[in-house]
Amino acid sequence: MSTPHPAADPAAGAAVKAADRAHVFHSWSAQGLIDPLAVAGAEGSWFWDYDGNRYLDFSSQLVNTNIGHQHPKVVAAIQEQAARLCTIAPGFAVDVRSEAARLIAERTPGDLDKIFFTNGGAEAVENAVRMARLHTGRPKVLSAYRSYHGATAAAINLTGDPRRWPSDTASAGVVHFWAPFLYRSPFHADSERQECERALQHLEDTIAFEGPATIAAIVLETIPGTAGIMVPPPGYLPGVREICDRHGIVFVLDEVMAGFGRTGRWFAADHFDVVPDLLTFAKGVNSGYVPLGGVAISAEIAATFDERPYPGGLTYSGHPLACASAVATINAMAEEGIVENAARIGEQVLGPGLRELAGRHPSVGEVRGLGAFWAVELVRDRATREPLVPYAAAGEAMTAFTAACKKNGLWPFVNMNRTHVVPPCTITEEEAKQGLAALDEALTVADAYTA
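Residues numbered from 1 in each chain as written. Predicted model: local features only at pLDDT ≥ 70, side-chain atom pairs only at ≥ 80, totals over all residues. Heavy atoms only, no water.

Draft legend 1. The arrangement of the overall build of the protein chain in detail. Along the backbone of the protein chain there are 13 helices and 16 strands. A principal-axis box enclosing the C-alpha atoms of the protein chain has dimensions of 60 × 60 × 40 Å. Considering the protein chain as a whole, with its 451 residues, one finds that 55% of them fall into the buried category. Sequence separation of at least 24 residues holds for 71% of the intrachain contacts in the protein chain that already meet a minimum separation of 6. For the protein chain, the computed accessible surface area is about 18,600 Å², with 55% contributed by carbon and sulfur atoms. The positive charge centre, built from 36 side chains, and the negative charge centre, built from 51, are 3 Å apart in the protein chain. (Helix = DSSP H or I, 4+ residues; strand = E, 2+ residues; numbered from the N terminus. Buried < 20%, exposed > 50% of the residue type's maximum accessible area, 1.4 Å probe, protein only. Contact = heavy atoms within 4.5 Å. Areas by Shrake-Rupley, 256 points an atom, 1.4 Å probe, with all protein chains shown as cover. Lys, Arg positive; Asp, Glu negative; His and termini not counted. Charge placed at Lys NZ, Arg CZ, Asp CG, Glu CD.)

What follows is the structure, given as structure tokens:
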């Protein structure tokens, strides 16, 4: 059962929920069918409700609280900045904005030294695509199936998961292709090397048939997040880089979810020794304490706008409170070894622990990931790899699994037939093991739905 927290106040919780139901319109939801948990507080890897139930946050909310909840250094930095300068328009030079940009550029791969700030990841993708189209003078953008890039106009069309379907205009200049995913290989490959070779050939063929001179950019999540945490095989991303160079295509890596320590490196691109032309970020840059995202821009693309105005901007671009939280987050991550902690927890606790669970639970088809970024693929049948619920569908099995997690004080990140193990990068070994134990019990519930 959930561990009680001393600050229980059910009456206050009921009032919060009543106000929410009366006035808040929730994203991605049928409003009359949801029952949001009223949250009373959070700290570190935990949050709790008004009934006193504590939950180990194996979701990092939306995989963004990389530094954990209520980190005191970040909270203090926001308070200090609010007392000094709450807001200023993007056209001014401000110390905290410049310092946030410097710290980000210092950690991005290659020459991605100019930073365009946005309010979040979708706007970062929107502006990266705009930059690529203006830089090349070409209209089309390629992106992968099994991807998520945001819910704004261009970003939702780039997205390759079912959330795109209700908003897809089929006229946004986006062409989708298959990226590598060996467990459910669209190329009938039987090894990582074969999957890589066939995925690159498929991309080459797509470009050839679409017309290389019409393609402005290829946009890829370095490691796809919500769509399944499919770590690309060795050689794939460098192969895409080479294809882009050969055809004059801008290579955009979306690190909104995978960046800032999530995979055990500052950026997931560091695992693959690849440098994109544009890199989008958000989420972990300041753990979502204040909305912030951005695009890290190569010298060549930045130079396009030296004498030519860039036709894009946001009222809150580089907001001082957001930038202050980013500065404090990045400095705390460096000082406290948080990126290294994510790598160690992944290598020594989460990876081995999840593989051990896979060996005992027939509902687990595959585990995969890096750092504090893992997916557990749940199946009805290991031999056929039939998902526990169909693609783009919910179902009793996943509902029962999710309920079992929460009953045991674990808040999971569930999407389709998967649960993602994505705790804060600050999680301790003891907390990680506690989460794995709760997951073990919940998987017993999922096992009951196997063939």
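Draft legend 2. View of the pattern of salt bridges. Counted under the stated rule, the structure contains 24 salt bridges. For Lys 140, the salt bridge is made with Glu 210, and the minimal N-O distance between the two is 2.7 Å. One end of the pair, Lys 140, is in strand E5 (residues 140-144); the other, Glu 210, is in helix H7 (residues 192-210), with 70 residues separating them in the sequence. Of the charged contacts, one joins Arg 246 and Glu 242 as a salt bridge, the two residues approaching to 2.8 Å between their closest N and O atoms. With Arg 246 and Glu 242 both in helix H8 (residues 236-247) and four residues apart, this pair spans about one turn of that helix. Owing to a relative accessible area of 43%, Arg 246 belongs among the partly exposed residues under this scheme. Among the ionic contacts, a cluster of salt bridges with common partners joins Glu 99, Arg 102, Glu 106 and Arg 107. (Salt bridge = Lys/Arg side-chain N within 4 Å of Asp/Glu carboxyl O.)

Draft legend 3. Expanded view of the sheet that holds strand E6 (residues 174-177). Pairing is mixed across the open sheet formed by seven strands, whose spatial order is E4-E10-E9-E8-E7-E5-E6. The strands lining the two open edges of the sheet, one partner per strand, are strand E4 (114-118) and E6. Along the sheet, successive strands turn relative to each other by an average axial angle of 20 degrees, direction set aside. As defined by bridge partners, strand E7 (residues 215-221) adjoins strand E8 (residues 250-254) across five bridges and the pair is classed as parallel. Paired with Glu 221 across the strands is Asp 254, a residue of E8. The sheet contacts of helix H4 (residues 95-107) involve E4 and strand E9 (278-281), and relative to E4 the element is tilted by about 120 degrees. (Pairing = 2+ DSSP bridges. Axes fitted to C-alpha atoms, helices over the stretch in contact; angles between N-to-C directions.)

Draft legend 4. Looking closely at the state of the cysteines. For the coordinates displayed, the defined rule picks out zero disulfides. The thiol of Cys 244 is not disulfide-bonded; the next cysteine sulfur, from Cys 196, is found 14 Å away. Here Cys 323 is not cross-linked by a disulfide; its sulfur's nearest cysteine counterpart is in Cys 86, at 14 Å. (Disulfide = S-S within 2.5 Å.)

Draft legend 5. Representation of the sheet that holds strand E1 (residues 39-43). Pairing is mixed across the open sheet formed by four strands, whose spatial order is E1-E2-E3-E14. A single partner strand is all that each edge strand has here, and the edge strands are E1 and strand E14 (410-411).

Draft legend 6. Quick look at helix H12 (residues 396-407). Taking 1.5 Å per residue as the helical rise, H12 with its 12 residues ought to reach 16 Å, and the 16 Å between its terminal C-alpha atoms agrees with that figure. If you check which residues of H12 are buried, you get Ala 397, Met 398, Phe 401, Thr 402, Ala 404 and Cys 405. Considered in projection along H12, the buried side chains sweep an arc of 160 degrees and stay on one side of the axis. Opposite the packed face of H12, turned more than 90 degrees from it, sit the exposed residues Glu 396, Thr 399 and Lys 407. (Expected span 1.5 Å × (residues − 1). Arc of directions from axis to C-beta.)

Draft legend 7. Representation of the packing of H12 against helix H13 (residues 429-447) in the model. Following both chains from N to C, one finds H12 and H13 inclined at 155 degrees, their axes separated by 8 Å at the closest point. As the angle between them shows, H12 and H13 are arranged roughly antiparallel. Of the two elements, H12 crosses H13, and the hand of that crossing is right-handed. Here Ala 400, Phe 401, Ala 404 and Cys 405 of H12 come into contact with H13, specifically with Leu 439, Ala 442, Leu 443, Val 445 and Ala 446. Across the contact of H12 with H13, the residue classes tally to nine nonpolar, no polar and no charged. (Parallel < 35°, antiparallel > 145°, perpendicular 65-115°, else oblique. Left-handed = near helix turned anticlockwise from the far one by under 90°. Nonpolar A, V, L, I, M, F, W, Y, C, P; charged D, E, K, R; others polar.)

Draft legend 8. Quick look at the pairing of E6. Looking at chain direction, E5 and E6 are connected through four bridges and run parallel. Bridging across to E6, Ala 144 finds its partner in Phe 177.

Draft legend 9. Representation of helix H11 (residues 338-360) within the structure. With 23 residues, H11 should reach 33 Å at 1.5 Å per residue; the first-to-last C-alpha distance of 31 Å fits that figure. The largest bend in H11 amounts to roughly 45 degrees and is located at Gly 346. (Bend = angle between axes of the 7 residues up to and from the residue.)

Draft legend 10. Inspection of the side chain of Arg 107 at higher detail. One can find Arg 107 in helix H4. A polar contact of 3.1 Å, which involves the side chain of Arg 107, links it to the backbone oxygen of Leu 103. Dropping the residues within four chain positions of it, Arg 107 is found in contact with Trp 266, Phe 267, Ile 330 and Ala 334. (Polar contact = N/O pair within 3.5 Å; in protein donor to acceptor, adjacent residues only side chain to side chain.)

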